[in-house]
There are 2 protein chains.
Amino acid sequence: MGSLDRSLIAGLPVFEGVAATDLDRIVGQARSLRIAKEQPVFEQEQEAHSFFLLLDGHVRVMKSTPDGHEVTVRYISPGELMGIAHALGRTTYPANAIAAVDCVVLAWPSRLWPAFAADFPSFSANTYKAVGGRLQDAHTRVIEMATEQVEQRVAHALLKLVKQAGRKTEEGILIDFPISRQDIAEMTGTTLHTVSRLLSAWEDQGLVKSGRQKVTVVEPHQLLLIAEGRVEKS
Amino acid sequence: MGSLDRSLIAGLPVFEGVAATDLDRIVGQARSLRIAKEQPVFEQEQEAHSFFLLLDGHVRVMKSTPDGHEVTVRYISPGELMGIAHALGRTTYPANAIAAVDCVVLAWPSRLWPAFAADFPSFSANTYKAVGGRLQDAHTRVIEMATEQVEQRVAHALLKLVKQAGRKTEEGILIDFPISRQDIAEMTGTTLHTVSRLLSAWEDQGLVKSGRQKVTVVEPHQLLLIAEGRVEKS
DNA sequence: TTGGCGATTTGCGCTGGCGCAAACTCCGGA
DNA sequence: TCCGGAGTTTGCGCCAGCGCAAATCGCCAA
């Protein structure tokens, strides 16, 4: 682990308020891993031996249902923790985490968590703050699913992806990892057919540009209007 | 606060592994409140001044959307914490909590949380374990909303209510607080009309008995079959 | 006992979005 | 360069469940 990494890491929200010496003690106990695209970081039901900090790449977190459905719970972006089951009193991972692209992660053995929580209260508080945010997000998802039309949900999903993984290009804001219609369908509780129809319609209206495993948002503001149900379909 | 209360409280999961003297120091700083039916325990957006332990009664946690929809996030049963926004790094409550029946709660000032977390690691760990459970529940809700039919979702909701607030009667298992069709609709993302139709159909089949703000589950096992999608509608 | 109101039931028509299926497109490897 | 297959598009038919509206029921208060 180079010192360049170290200084980038120090700026992450999870380490806010953590003293430099403490940061060294924390990071010093991690090992750095590369995860190839499409490979799992951890798997549902598996013993939660480690927790992770994503340094580079994007990870998709999914749950499978007994009857064979897959639902995407969230995408992880660089700087976020994942697999922190132990901090929440679980011994197994509740979901599958798959690298959407080649990734770099730091990994700590889960058994270190209780000592970390006791010795580094800022780190612990930051972690639980992130958990609080996820709980919020999950409730927001429930509310969206309960009250919105498919069109609004898909628009919301795209905006969320843009916010966490958007990269400016000359055409608009590109979602910076491969994402298929099927993936978007699994995030929004619909079918790839419906997503495809929506994207086609939006492309006709010039709101997005999309291709194979690729979506670029051209008019985020228009999309927001749709997401909030303030636009009638033509 | 009587010592009878004290011994009941000691047996709660949140206080598992907490030494008796520590328990006294924790509970000693709480004040006990009665909340009348339909009155709020705390409200969305409000400053999170306190966190609570429900001792008796049932509390409904709801979120309102900007466009006027109400969604029920969960019901709190005796022994559960609520309003722990501070432990998750929030300064305001994320939802409304309304007493479904007359309730008794313990309340602590939120500013005590950091000291509690530092001084009573078991209490803190138990709390975060509960948070972990809620995060799981929320994800389960998302998955249900994404993959199940309304009929299955309503069946799941009833079974969940039975599990956390069921009281045996000679007719079956009664959900032990007033609950309307509208309430069930808000839990499952549907309309009171559809809930009413489902309950009527189930009543004809002898699976439930229901009346004004009252539901009794007669055949939980049959309902489970419906919830899991293993029964075709007649 | 009688109103009155909130909760519930039920009918009816409509439509958003799914299921199925077929055609097409494009990328990557041989 | 060509081929195979994954990803995507699109047409078509259907139905679960919503919206609306009206009728009914049952609890509570006077």
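Residues numbered from 1 in each chain as written. Chains lettered and ligands numbered in written order. Predicted model: local features only at pLDDT ≥ 70, side-chain atom pairs only at ≥ 80, totals over all residues. Heavy atoms only, no water.

Novice: Honestly, the overall build of chain A in this entry has me stumped. Any pointers?
Specialist: Across its full length, chain A carries 8 helices and 12 strands. Whereas a compact globule of 234 residues would reach a radius of gyration of roughly 17 Å, chain A reaches 19 Å, a difference of no more than 12%. Out of the 234 residues belonging to chain A, those deemed buried represent 51%. If you take every contact in chain A between residues at least 6 apart in sequence, the share linking residues at least 24 apart comes to 71%. Surface accessibility of chain A: about 11,100 Å² in total, with carbon and sulfur atoms responsible for 50%. Side-chain charges of chain A comprise 25 positive and 28 negative groups, with the mean position of each set lying 0 Å from the other. (Helix = DSSP H or I, 4+ residues; strand = E, 2+ residues; numbered from the N terminus. Rg over C-alpha atoms; globule rule 2.2 N^0.38 Å. Buried < 20%, exposed > 50% of the residue type's maximum accessible area, 1.4 Å probe, protein only. Contact = heavy atoms within 4.5 Å. Areas by Shrake-Rupley, 256 points an atom, 1.4 Å probe, with all protein chains shown as cover. Lys, Arg positive; Asp, Glu negative; His and termini not counted. Charge placed at Lys NZ, Arg CZ, Asp CG, Glu CD.)

Novice: What exactly am I supposed to notice about the nonpolar core here?
Specialist: Buried together is how nonpolar side chains tend to be arranged in soluble globular proteins. Core analysis: the largest hydrophobic core is formed by 52 residues, its most contacted members being Phe15(A), Trp108(A), Phe15(B) and Trp108(B). Non-local contacts of Trp108(B), meaning those with residues more than four positions away in its chain, are made with Phe15(B), Ile26(B), Val27(B), Gln29(B), Ala30(B), His49(B), Ser50(B), Phe51(B), Phe52(B), Leu53(B) and Phe116(B). (Core = buried A, V, L, I, M, F, W, Y, C linked by side-chain atoms within 4.5 Å.)

Novice: Please explain the protein's contact with DNA strand C as it appears in this structure.
Specialist: Close to DNA strand C lie 17 residues, the nearest being Val150(A), Thr190(A), Thr194(A), Ser196(B) and Arg212(B). Restricting the count to atoms of DNA strand C within 4 Å of the protein gives a sugar and phosphate share of 63%. Here a base oxygen of DNA strand C and a side-chain polar atom of Arg197(A) are 3.3 Å apart. One of the backbone nitrogen or oxygen atoms of Gln213(B) is found 2.9 Å away from a phosphate oxygen of DNA strand C. Of all the secondary structure elements, the ones that give two or more residues to the surface near DNA strand C are helix 7 (192-204) of chain A together with helix 7 (192-204) of chain B. Considered class by class, the residues forming the surface near DNA strand C number 1 nonpolar, 11 polar and 5 charged. (Near = heavy atom within 4 Å. Polar contact = N/O pair within 3.5 Å; in protein donor to acceptor, adjacent residues only side chain to side chain. Nonpolar A, V, L, I, M, F, W, Y, C, P; charged D, E, K, R; others polar.)

Novice: Sorry if this is basic, but what is going on with unusual backbone geometry here?
Specialist: A negative phi holds for most residues other than glycine; trans holds for most peptide bonds. Positive phi outside glycine occurs at Glu38(A), with the angle close to 75 degrees. Mapping Glu38(A) onto the fold places it in the loop between strand 1 (31-35) and strand 2 (40-42). The backbone of Glu45(B) shows a phi angle near 80 degrees, a positive value even though the residue is not glycine. Turning to its location among the elements, Glu45(B) is positioned in the loop between strand 2 (40-42) and strand 3 (50-56).

Novice: Please clarify how the protein's contact with DNA strand D should be interpreted in this entry.
Specialist: Of all residues adjacent to DNA strand D, which total 18 residues, the nearest are Arg181(A), Ser196(A), Gln213(A), Thr190(B) and Thr194(B). One of the side-chain N or O atoms of Arg212(A) is found 3.1 Å from a base nitrogen in DNA strand D. Of all the secondary-structure elements, those providing two or more residues to the surface near DNA strand D are helix 7 of chain A together with helix 7 of chain B. In the surface near DNA strand D, the residues fall into 2 nonpolar, 11 polar and 5 charged.

Novice: Explanation requested: the interface of chain B and chain A in the structure shown.
Specialist: It is common to give the size of an interface as the accessible area lost on bringing the parts into contact. Opposite the 27 residues of chain B that make contact, chain A presents 27 residues. Both sides of the chain B and chain A interface together cover about 2,600 Å² of buried area, and 75% of this is carbon and sulfur. Of all residues in chain B, Leu135(B), Val142(B) and Ile143(B) give up the largest surface area on contact with chain A, accounting jointly for 18% of the area buried on that side. Where chain B touches chain A, the interface holds 0 salt bridges. The interface formed by chain B and chain A includes 2 residue pairs in polar contact (both at pLDDT 80 or more). Of all elements in the fold, only strand 5 (70-76) and helix 4 (121-147) of chain B reach the threshold of two or more residues within the side of chain B that touches chain A. Tallying contributions element by element places helix 4 of chain B first for the side of chain B that touches chain A, with 16 residues. (Buried area = accessible area lost by both parts, 1.4 Å probe. Salt bridge = Lys/Arg side-chain N within 4 Å of Asp/Glu carboxyl O.)

Novice: What is the right way to look at the environment of Val162(B) in this model?
Specialist: Looking at the secondary structure, you find Val162(B) in helix 5 (residues 150-165). Val162(B) sits 142 residues away from Ala20(B) along the chain, and the two C-alpha atoms are 33 Å apart.

Novice: Any chance you could explain the sheet that holds strand 10 (residues 173-175) of chain B here in plain terms?
Specialist: Note on sheets: strands pair through backbone hydrogen bonds, and any given pair is parallel or antiparallel. All names here are of chain B. Taken in spatial order, the 4 strands of this open sheet run 9-10-12-11, and their pairing is antiparallel. Bordering the open sheet on either side are strand 9 (166-168) and strand 11 (208-211), each of which pairs with just one other strand. Ignoring which end each strand starts from, the neighbouring axes of this sheet average 25 degrees apart. Two strands pair when backbone bridges link them, and strand 9 and strand 10 are joined in this way by 3 bridges, in the antiparallel orientation. Within strand 10, the position partnered with Arg167 by the bridge is Leu174. On the sheet, helix 5 packs against strand 9, strand 10 and strand 12 (214-217) and is oriented at approximately 95 degrees with respect to strand 10. (Pairing = 2+ DSSP bridges. Axes fitted to C-alpha atoms, helices over the stretch in contact; angles between N-to-C directions.)

Novice: What am I meant to see in the pattern of salt bridges here?
Specialist: If charged atoms from side chains of opposite charge come close, those side chains can pair. All names here are of chain B. Enumeration according to the criterion identifies 11 salt bridges over all chains in this entry. Close ionic contact of Glu80 with Arg74 constitutes a salt bridge, the shortest N to O distance being 3.1 Å. By relative accessible area, which is 17% here, Arg74 ends up buried. The salt bridge partner of Glu228 is Arg230, with a shortest N-O separation of 2.5 Å. Given a relative accessible area of 55%, Arg230 falls into the exposed group.

Novice: Is there a simple way to explain the relation of the copies chain B and chain A in this structure?
Specialist: Between the two copies of the chain lies a rotation about an axis combined with a shift along it. When chain B is brought onto chain A, the operation consists of a screw motion whose angular component is 180 degrees and whose axial shift is 0.0 Å, with 0.0 Å RMSD remaining. Taken together, the turn and the small shift mark the pair as related by a two-fold rotation axis. In this assembly, 100% of the residues forming the interface of chain B have copies in chain A that are likewise at the interface, indicating an isologous arrangement. (Least-squares fit on C-alpha atoms with pLDDT ≥ 70 in both.)

Novice: Would you mind showing me how to read the sheet that holds strand 2 of chain B here?
Specialist: Residues and elements named next belong to chain B. Strand order in this open sheet of 4 strands is 2-7-4-5, and the pairing throughout is antiparallel. Pairing within the sheet leaves two strands with one partner each, and these edge strands are strand 2 and strand 5. Neighbour to neighbour, the strand axes of the sheet diverge by 30 degrees on average, direction disregarded. Relative to strand 7 (residues 96-99), strand 4 (residues 59-64) runs antiparallel, the two sharing 4 bridges. Along strand 7, the bridge assignment pairs Val59 with Ala99. Contacts from helix 6 (residues 181-188) reach strand 4 and strand 5 within the one sheet, and its direction differs from that of strand 5 by about 95 degrees.

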